[in-house]
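The residues making up each chain are set out below.
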There are 2 protein chains.
Amino acid sequence: MPKRVDHAERRDQIAEALLRVAGRRGLHAVGMRDVAAEAGVSLRLVQYYFETKEKLLLHGLRHLAARFGERVTARIGAAGPAPGPRERVEAMLTAALPTDEESRTFHLVYTSYAVLSVTDPALAAQPFIKDPDAAESALTELLRQAQESGLARPDLDARLEAVGLLALSAGLGTSVLVGQRTPESAITVLTHHLDRIFQPAPGAQPAAG
Amino acid sequence: MPKRVDHAERRDQIAEALLRVAGRRGLHAVGMRDVAAEAGVSLRLVQYYFETKEKLLLHGLRHLAARFGERVTARIGAAGPAPGPRERVEAMLTAALPTDEESRTFHLVYTSYAVLSVTDPALAAQPFIKDPDAAESALTELLRQAQESGLARPDLDARLEAVGLLALSAGLGTSVLVGQRTPESAITVLTHHLDRIFQPAPGAQPAAG
DNA sequence: ATCTTGATGGTACAGCCGTATCACGTACGT
DNA sequence: ACGTACGTGATACGGCTGTACCATCAAGAT
């Protein structure tokens, strides 16, 4: 046989090419030939590693979600040596805002996938809503911890707030994406809402435990 | 000449056909032939009234925005004979949530346009962000009125809250659209946030003025 | 009555898309 | 050493897309 190739690695390379061109020209305008050219390979190779375009798109979606997870992790790590709940929450929510090229691409392509998943039975909702659900649970847990630590108002429904914050972040992200709002103003709105949640209970000391 | 035809009316008929098929199969999958078939006319006629697909899409967007405006107005009117600020705000925000077929189509197609406008220079942001900006101003004004009437907390920045509410509503709408959340839970979250804003100033009587 | 012009139908054309097919080289198992 | 399976290239094919072209009918103007 010829040089044995790591299929998983090659598939990821091609998936990254897909995301790059999708971020530039829109997911709807992405063809297999574009992906091949962007990845520097022949059209045949894209066919070889992903037999069909549908599989390519699905893998692209998974790859995008994975990269975003790493981005959030990195952001939390960059927030300091031992980031508190608020820092973690801010890292999660601002990571999705289109503030730089990577997050801009992420938001655009992810929204494109979301739109496609509504009508395309292939990109079924099943794999699509898994990650948002996980984010919602993680955020809820962070808010609960903040409440127990006395950092956040204890009279709030943590899950309700988590859902609201994620929807707020997504909505703000879209408005930034279409140029209606600047990233700074979006962050201002987000911070404002976090300030209302992260208020110590009246007369409570921020005790550990 | 043959039967003189009202061009504006015919264009609206075709635009409605466009929106119907876009709501069913996704805006990305809409071709001129589909629109023609849905409208019950020949392909040639679609070309005749909209010379190019780009112009058809642009008119479709305007028509969608207009229909949504009427929907909001109708909702406000249905909220009672003399709806107060809170009722008006609720009508605006819930009208965009995908609770029935019409709003579902609206949200899907509008989001599709938003995604397209990011990369397509034709659907420039110029006409696209006009309506959201108007909604933001209208909502801000309603919140200010509520504050002056003592119905809403006076210590809030009305515009900041308006921006947040619109982004929240948009984000919730998308999550409902992709099937992550039920319309009821979205309304719950929205109502919850409105409850926090629409609180009378401590010790203030809801006097008119 | 004829000419003009708006409205409509049918259809052809060039281009792109995803997919399939054929061909070839190369490196490992035997 | 050799055959077999993997990796890769080139290209063809059918279908769909937006657009352009040609023809026709109808009704008002002259």
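Basis of the calculations
Residues numbered from 1 in each chain as written. Chains lettered and ligands numbered in written order. Predicted model: local features only at pLDDT ≥ 70, side-chain atom pairs only at ≥ 80, totals over all residues. Heavy atoms only, no water. Domains from an automatic or database assignment. Buried area = accessible area lost by both parts, 1.4 Å probe. Least-squares fit on C-alpha atoms with pLDDT ≥ 70 in both. Contact = heavy atoms within 4.5 Å. Helix = DSSP H or I, 4+ residues; strand = E, 2+ residues; numbered from the N terminus. Expected span 1.5 Å × (residues − 1). Buried < 20%, exposed > 50% of the residue type's maximum accessible area, 1.4 Å probe, protein only. 1 Å grid on protein atoms, 1.4 Å probe; cavity = no way out; pocket = protein on both sides within 12 Å on 5 of 7 lines; lining within 4 Å. Points joined across faces, edges and corners; volume = space filled by probe spheres on them. Nonpolar A, V, L, I, M, F, W, Y, C, P; charged D, E, K, R; others polar. UniProt positions renumbered as here; feature names shortened; annotations may be inferred. Salt bridge = Lys/Arg side-chain N within 4 Å of Asp/Glu carboxyl O. Polar contact = N/O pair within 3.5 Å; in protein donor to acceptor, adjacent residues only side chain to side chain. Axes fitted to C-alpha atoms, helices over the stretch in contact; angles between N-to-C directions. Parallel < 35°, antiparallel > 145°, perpendicular 65-115°, else oblique. Phe/Tyr/Trp six-rings, centres within 6.5 Å; stacked < 30°, edge-to-face > 60°.

The name given to chain A in an unreviewed UniProt entry is HTH tetR-type domain-containing protein, and the organism recorded there is Streptomyces mashuensis.

### Topic: the domain arrangement of chain A
Residues and elements named next belong to chain A. Taken domain by domain, chain A holds domain 1 (1–51) and domain 2 (65–197). For domain 1 and domain 2, the distance between their C-alpha centroids amounts to 29 Å. With both chains or domains summed, domain 1 and domain 2 bury close to 600 Å², and 67% of this area falls on carbon and sulfur atoms. On the domain 1 side of the contact with domain 2, Leu19, Gly23 and Leu27 bury the most area, a combined 73% of that side's loss.

### Brief notes about the relation of the copies chain B and chain A
The pair of chain copies shares a relation made of a rotation about an axis and a shift along it. Rotating chain B by 180° and translating it 0.0 Å along the rotation axis places it on chain A, where the RMSD comes to 0.1 Å. These values place the two chain copies in the arrangement generated by a two-fold rotation axis. Most of the interface of chain B is mirrored in chain A: 100% of its interface residues are interface residues there too.

### A few points about helix H9 (residues 158–177) of chain B
Three or four residues apart is the spacing at which side chains of an α-helix point the same way, because the helix has 3.6 residues per turn. Residue and element names in this part refer to chain B. The end-to-end C-alpha separation of H9 is 28 Å, in line with the 28 Å expected for 20 residues at 1.5 Å each. Most of H9 sits out of view: 16 of its 20 residues are buried. Taken from the residues just after H9, Gly179 is the one with a positive phi, measuring 85°.

### Quick word on the layout of surface pockets
The space that makes up the second largest pocket amounts to roughly 350 Å³. Around the second largest pocket sit 17 residues that line it, and Leu27, His28, Leu116 and Asp120 of chain A together with His28 of chain B are the ones nearest its centre. Put simply, the parts of the chain that give the lining of the second largest pocket at least two residues each are helix H4 (53–78) and helix H6 (101–119) of chain A together with helix H6 (101–119) of chain B. Taken together, the residues that form the lining of the second largest pocket break down as nine nonpolar, five polar and three charged. Lining the lining of the second largest pocket are residues from two domains, each supplying at least three of them: domain 1 (1–51) and domain 2 (65–197) of chain A.

### Observations regarding the UniProt feature "domain: HTH tetR-type" (unreviewed entry) in chain A
The positions that UniProt labels "domain: HTH tetR-type" (unreviewed entry) are, in the present scheme, residues 8–68 of chain A. Secondary structure across residues 8–68 of chain A comprises 80% helix and 0% strand; the distance between its end C-alpha atoms is 19 Å.

### Side note on the UniProt feature "DNA-binding region" (unreviewed entry) in chain A
If you check UniProt for "DNA-binding region" (unreviewed entry), the listed places come out as residues 31–50 of chain A in our numbering. Regarding residues 31–50 of chain A, the helix share stands at 75% and the strand share at 0%, and the terminal C-alpha atoms are separated by 13 Å.

### So, the interface of chain B and chain A
Counting residues at the interface gives 40 residues for chain B and 40 residues for chain A. Taken together, both faces of the contact between chain B and chain A bury some 3,300 Å²; the carbon and sulfur share is 66%. For the pair chain B and chain A, the interface holds four salt bridges. One salt bridge in this structure joins Glu136 of chain A and Arg181 of chain B, with 2.9 Å as the shortest N-O distance. Our count for the contact surface shared by chain B and chain A stands at eight residue pairs in polar contact (both at pLDDT 80 or more). Elements with a contribution of two residues or more to the side of chain B that touches chain A: helix H1 (7–25), H6, helix H7 (125–128), helix H8 (130–148), H9 and helix H10 (183–197) of chain B. Among the elements that make up the side of chain B that touches chain A, the one with the highest residue count is H6 of chain B (ten residues). When its residues are assigned to classes, the side of chain B that touches chain A shows 18 nonpolar, 13 polar and nine charged.

### Looking at the packing of H6 of chain A against helix H9 (residues 158–177) of chain A
Residue and element names in this part refer to chain A. Where H6 meets H9, the closest approach of the two axes is 10 Å, and the angle between their N-to-C directions is 105°. Classified by the interaxial angle, the pair formed by H6 and H9 is roughly perpendicular. Here Arg104, His107 and Leu108 of H6 lie close against H9, whose contacting residues are Ala170, Gly173, Thr174 and Leu177. Considered class by class, the residues forming the contact of H6 with H9 number three nonpolar, three polar and one charged.

### Here we look at the packing of aromatic side chains
Residue and element names in this part refer to chain A. Going through the model one piece at a time under the given rule, you end up with six aromatic pairs over all chains. Ring geometry for Tyr48 against Tyr49: centres 5.1 Å apart, planes inclined by 85°, an arrangement best described as edge-to-face. Classification of Tyr48 by relative accessible area gives partly exposed; the value is 46%. Cluster of aromatic residues (ring-pair linked, three or more members): Phe68, Phe106 and Tyr110.

### Concerning the environment of Glu184 of chain A
You can see Glu184 of chain A is positioned in helix H10 (residues 183–197). Judged by its relative accessible area of 55%, Glu184 of chain A falls in the exposed class.

### Focus on the pattern of salt bridges
Counting across every chain of the model gives 30 salt bridges over all chains. The salt bridge involving Arg67 of chain A is made with Glu16 of chain A; its shortest N-O contact spans 3.3 Å. A residue pair is termed long-range when its members are at least 10 positions apart, and Arg67 of chain A in helix H4 and Glu16 of chain A in helix H1 (residues 7–25) qualify at 51 residues. Judged by its relative accessible area of 23%, Arg67 of chain A falls in the partly exposed class. For Glu161 of chain A, the salt bridge identified is with Arg196 of chain B, shortest N-O distance 3.3 Å.

### What to know about the packing of H9 of chain A against H10 of chain A
All names here are of chain A. Contact geometry of H9 with H10 gives a least axis separation of 9 Å together with a crossing angle of 170°. The angle between H9 and H10 falls in the class roughly antiparallel. Only Pro183, Ala186, Val189, Leu190, His193, Leu194 and Ile197 of H10 make contact with H9, whose side of the interface consists of Glu161, Leu165, Leu168, Leu172 and Val176.

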